[in-house]
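Examining the three-dimensional arrangement
Chain residues, written in single-letter form:
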Number of protein chains: 2
Amino acid sequence: MSAPSHVPASRPIGVFDSGLGGLTVLQAIQERLPAENTVYFGDTGRTPYGTKSPETIIKYSQQISRFLLEQNVKMIVIACNTASATAFEAVRDAVDVPVIEVITPGAEAAATATQNDHIGIIGTRGTVNSGVYVRAVRKAIGKRLALAACCLNNPHQDATKVQILQQACPLFVGLAEEGWWDHPITQAVATEYLKPLQDAHVDTLILGCTHYPLLAKSIADVMGPEVKLINAGNNVATEVEAVLQKNGLLNLSNNHATHAYFTSDDAAQFQQLGSAFLNRPVQAAGRVDIERY
Amino acid sequence: MSAPSHVPASRPIGVFDSGLGGLTVLQAIQERLPAENTVYFGDTGRTPYGTKSPETIIKYSQQISRFLLEQNVKMIVIACNTASATAFEAVRDAVDVPVIEVITPGAEAAATATQNDHIGIIGTRGTVNSGVYVRAVRKAIGKRLALAACCLNNPHQDATKVQILQQACPLFVGLAEEGWWDHPITQAVATEYLKPLQDAHVDTLILGCTHYPLLAKSIADVMGPEVKLINAGNNVATEVEAVLQKNGLLNLSNNHATHAYFTSDDAAQFQQLGSAFLNRPVQAAGRVDIERY
């Protein structure tokens, strides 16, 4: 167990997900904040979370948070939509470092991007059933309207006219993990799942699962070029930077950043598959008996 | 915790799976042996096993076996191909009741059914990578050849000419759970996965995952009527009967059998989805904190 560091800013950012998908968020954080050290935990031994009950997801998220605190992290990023939707409050209330979830940044980006006030959301069944994105988008639109009242940067927006449509896409995770990122069957599945969103003329689509950016090309081909896809990773990275700055925790050193990777299952398999999600090699990964936490 | 019964034969048969798929095996057991009491455990909180490492699968299977022994079972049926492939020896060596796995009965049925000695096997990536079905089919063919030497019921079979081809079909579990049992996309996925098996002219195909019987129609449509699909459930039920009989454990009472269902996740969801797999209502299910075992 690490002792608290004398230089808090050099402590790593902790990022976790139910598996590999959160690596797409980590990638965005590493790109935006190259000086930051990071620790990633992927719960591949118990993935997926999307079909599990709230109590189970909360328990798993709390175990992982305890592990990350033991790694002396200065912040926890819940890089999993299902866990963000279900376990954010439970994690935030249990730890003494800032906690960031992936829902709000995506919702705010969608509220900013839409021109016709028709916003679509896709995610796992767990995320969709929780309704968390719908609430987050409504809240984000409320914020924008308050802003528009003073600076008129989106004066046509009217909260009562905003249409938000959700669609669960449970097969997308399997297709992403199968490597069928731009495959005719993925396009056929996307066509089936996304039809109600097309019929509703959404002009903005939130990719509400961290696996989905891997299928972005297939999703874009189905939705057409006029629909903006919201990949929350970039917005999360901006939020991470803002919260670190506000708390005086930005790492300003010129040292080479270190990135540690942990998994609840086979480390070699994590390294191999994870590299595709991270879009760079996962150099080494450690295995953790997460049920001990 | 139940005390050992005075009438061992009335003790239940324990059946477990990583989730819901094993209910297709339980259904076959309940149909063949209607007097037997049963206890089913579905590890829906940690499903799927197919992508997990051997150590993890062994640990989970041992936890479940301890839970089933606490339910005073007289036999354990590992109704999960991945766990059968990986954890059979570990479970068998740790308990004092007979243990039955789902690989051997299916392999023996395939060795009996093939006419052209070209056998196909489909399963999760874990089952396929383990090679357990290939070894089991080779062993079953060896047994048949020894038998043929005396009674000539399949005299053309020659172990050196038998061709066995495997194919991992990771998306089939998601398609089964999505309820797309006879859907054009399932047929398209099946067409893609099964092509190498068609090209190899297999005349017998082992459904090496307990979810796959739900997709039997789509699989049969792709493979054609001349290919025999082996659903191990029925063969497992025959084996259960034989082992109970040999051990004097067959329940000969006329009492109404009781069936108990347990899950590591949400019980209501288990009941709802499980009824489709069992092909009859799951009346009640209990939730178990399986990590305690």
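Residues numbered from 1 in each chain as written. Chains lettered and ligands numbered in written order. Predicted model: local features only at pLDDT ≥ 70, side-chain atom pairs only at ≥ 80, totals over all residues. Heavy atoms only, no water.

**Thoughts on the domain arrangement of chain A**
Residues and elements named next belong to chain A. Put simply, the rule is: A domain assignment, automatic or from a database, supplies the domain bounds used here. In this description, contact between two residues means that some pair of their heavy atoms is separated by no more than 4.5 Å. Note on terms: buried area is the combined drop in 1.4 Å-probe accessible area of two parts once they are placed together, counting the loss on both. Here a salt bridge means any side-chain nitrogen of Lys or Arg lying within 4 Å of a carboxyl oxygen belonging to Asp or Glu. Polar contacts, as used here, are pairs of N or O atoms within 3.5 Å; protein pairs need one atom able to donate a hydrogen and one able to accept it. Residues neighboring in sequence count only if both atoms are side-chain atoms. Going along the chain from the N terminus, every DSSP run of H or I of four or more residues is numbered as a helix, and every run of E of two or more is numbered as a strand. Gly falls in the polar group here, along with every residue not listed as nonpolar (Ala, Val, Leu, Ile, Met, Phe, Trp, Tyr, Cys, Pro) or charged (Asp, Glu, Lys, Arg).
Its domain assignment divides chain A into domain 1 (13–101 + 234–292) and domain 2 (104–231). Measuring from the centre of the C-alpha atoms in domain 1 to the corresponding centre in domain 2 gives 23 Å. At the interface, 17 residues of domain 1 touch 21 residues of domain 2. Together, the buried faces of domain 1 and domain 2 total about 1,500 Å²; carbon and sulfur atoms form 56% of this surface. A per-residue breakdown of the area domain 1 buries against domain 2 is headed by Asn81, Asn235 and Phe277, which together make up 36% of the total. Our enumeration of links across domain 1 and domain 2 arrives at zero salt bridges. In this structure, the connection of domain 1 to domain 2 is made through seven residue pairs in polar contact (both at pLDDT 80 or more). Breaking the side of domain 1 that touches domain 2 down by element, the ones donating at least two residues are helix H1 (23–32), helix H3 (81–94), helix H10 (232–246) and helix H11 (267–278). In terms of residue count, the dominant contributor to the side of domain 1 that touches domain 2 is H10 (four residues). Along the lines of polarity and charge, the residues of the side of domain 1 that touches domain 2 split into six nonpolar, eight polar and three charged.

**Let's talk about the environment of B:Ala190**
All names here are of chain B. On the secondary structure map, Ala190 appears in helix H8 (residues 184–199). Put simply, Ala190 and Ala220 are 30 residues apart on the chain and 9.5 Å apart in space, counted from C-alpha to C-alpha. Excluding its chain neighbours within four sequence positions, the residues that come into contact with Ala190 are Phe172 and Val222.

**A short note on the sheet that holds strand E7 (residues 204–207) of chain B**
Residues and elements named next belong to chain B. Basically, it comes down to this: Following DSSP output, two strands are said to pair if at least two bridges run between them. Helix axes are fitted only over the stretch in contact, all axes being lines through C-alpha atoms; the angle between N-to-C directions runs from 0 to 180 degrees.
Taken in spatial order, the four strands line up as E6-E5-E7-E8 in an open sheet, and their pairing is parallel. The open sheet terminates on both sides in strands that have one partner only, identified here as strand E6 (163–168) and strand E8 (228–230). Strand-to-strand twist across the sheet, computed as the mean angle between neighbouring axes with direction ignored, equals 20°. Note: strand E5 (residues 118–123) against E6, six bridges, orientation parallel. From the neighbouring strand, Gly123 faces E6, where its bridge partner is Ala168.

**Thoughts on the interface of chain B and chain A**
Interfaces are frequently sized by the accessible area removed from exposure as the parts join. Contacts between the two partners involve 33 residues from chain B, matched on the other side by 33 residues from chain A. Taking both sides of the interface into account, the surface hidden between chain B and chain A amounts to around 2,400 Å²; carbon and sulfur atoms contribute 45%. Interface area lost by chain B to chain A is led by B:Leu171, B:Glu178 and B:Glu291, which between them contribute 22%. Applying the counting rule to chain B against chain A returns ten salt bridges.

**Some details on the nonpolar core**
Note the cut-off: Only buried residues count toward a nonpolar core. Its members are Ala, Val, Leu, Ile, Met, Phe, Trp, Tyr and Cys residues joined through side-chain atoms within 4.5 Å. For every residue, the accessible area obtained with a 1.4 Å probe (protein chains only) is divided by the maximum for its type, and the residue is called buried under 20%, exposed over 50%, and partly exposed between those limits.
Membership of the largest hydrophobic core comes to 110 residues, with the highest contact counts inside it found for A:Phe172 and B:Phe172. If we skip the residues at most four places from it in the chain, A:Phe172 touches A:Ile122, A:Val189, A:Ala190, A:Tyr193, A:Tyr212, A:Leu215 and A:Ile219.

**Digging into unusual backbone geometry**
Residues and elements named next belong to chain A. Note the cis peptide between Thr47 and Pro48, where omega equals 0°. As for its position among the elements, Pro48 is in the loop between strand E2 (38–42) and helix H2 (54–70). Even without glycine at this site, His201 takes up a positive phi of about 55°. By secondary structure assignment, the location of His201 is in the loop between helix H8 (184–199) and strand E7 (204–207). The exposed category is assigned to His201, whose relative accessible area is 56%.

**A short note on the environment of B:Lys161**
Residues and elements named next belong to chain B. Its location among the elements puts Lys161 in the loop between helix H6 (132–151) and E6. Judged by relative accessible area, Lys161 falls into the exposed class, the value being 58%. Note: C-alpha distance between Lys161 and Ser10 (151 residues apart in sequence) is 46 Å.

**Some words on the relation of the copies chain B and chain A**
As a reminder of what qualifies: Overlaid copies result from least-squares superposition on C-alpha atoms, with residues included only where pLDDT is at least 70 in both.
Mapping chain B onto chain A calls for a screw motion: a turn of 180° about the axis and a shift of 0.0 Å along it, with 0.0 Å RMSD after fitting. Given the turn and translation reported, the copies of this chain are related as if by a two-fold rotation axis. Closest approach to the rotation axis among the C-alpha atoms of chain B is made by B:Arg46, whose C-alpha sits 2.5 Å away. In this assembly the copies share their binding face: 100% of the residues contributing to the interface of chain B also contribute to that of chain A.

**Overview of the sheet that holds strand E1 (residues 13–17) of chain B**
Strand order in this open sheet of six strands is E4-E3-E1-E2-E9-E10 (chain B), and the pairing throughout is parallel. Of all the strands in the sheet, the pair left with one neighbour each is strand E4 (99–101) and strand E10 (286–287) of chain B.

**Comments concerning the confidence of the model for chain A**
All names here are of chain A. Our working rule: Residue-level confidence of the predictor is what pLDDT reports, using numbers from 0 through 100.
Of the residues in chain A, 94% have a pLDDT of 70 or more, and the chain-wide mean is 91. Segment residues 1–6 is flagged for pLDDT under 50; beyond a separation of four residues in sequence, or across chains, it makes nine contacts in the model. In the predicted complex, the global pTM is 0.82; the interface-specific ipTM is 0.78.

**Observations concerning the packing of helix H4 (residues 103–113) of chain A against H10(A)**
Two packed helices can be described by the angle between their axes and the distance between those axes. Residues and elements named next belong to chain A. Applied cut-off: Angles below 35 degrees are treated as roughly parallel, those above 145 as roughly antiparallel, those between 65 and 115 as roughly perpendicular, and all remaining angles as oblique. Crossing handedness is read from the near helix: turned anticlockwise from the far helix by less than a right angle, it gives a left-handed crossing, and turned clockwise, a right-handed one.
It is at 8 Å that the axes of H4 and H10 come closest, and there the two elements cross at 110°. When the interaxial angle is binned, H4 and H10 end up roughly perpendicular. Classified by chirality, the crossing of H10 by H4 is right-handed. Mapping the contact onto sequence places Pro105, Gly106 and Ala109 in H4 and Ala232, Asn235, Val236 and Glu239 in H10. Split by residue class, the contact of H4 with H10 holds four nonpolar, two polar and one charged.

**Details of the packing of aromatic side chains**
Keep this limit in mind: The pairing test for Phe, Tyr and Trp rings, Trp by its six-membered ring, is centres within 6.5 Å, and the orientation test on the planes gives stacked under 30 degrees, edge-to-face over 60, and tilted for anything in between.
With the rule as written, the count across this model stands at 16 aromatic pairs over all chains. The interplanar angle of 85° and the centroid separation of 5.2 Å between the aromatic rings of A:Phe172 and A:Tyr212 together place this pair among those described as edge-to-face. With A:Phe172 in helix H7 (residues 171–177) and A:Tyr212 in the loop between E7 and helix H9 (216–223), this pair connects stretches of sequence that are 40 residues apart. Note on A:Trp180 and B:Tyr193: the rings are 5.4 Å apart at their centroids and 40° apart in plane angle, and the pair reads as tilted. With one member in each of two chains, A:Trp180 in the loop between H7 and H8 and B:Tyr193 in helix H8 form a pair that bridges those chains.

**Observations concerning helix H1 (residues 23–32) of chain B**
Owing to its 3.6 residues per turn, the α-helix brings residues three or four apart onto one side. Of all ten residues in H1(B), eight are buried, a share of seventy percent or more. If you follow the buried residues of H1(B), they end up packed against E1, strand E2 (38–42), strand E3 (75–78), helix H10 (232–246), strand E9 (259–263) and helix H11 (267–278) of chain B.

**Concerning helix H9 (residues 216–223) of chain B**
Residues and elements named next belong to chain B. As a reminder, the rule being used: Taken from the helix axis, the directions to the C-beta atoms give the arc we talk about.
Those residues of H9 that sit buried are Ser218, Ile219, Val222 and Met223. Projected down its long axis, H9 carries its buried residues within an arc of 125°, all on one side. Packed against the buried residues of H9 are E5, helix H7 (171–177), H8, E7 and E8.

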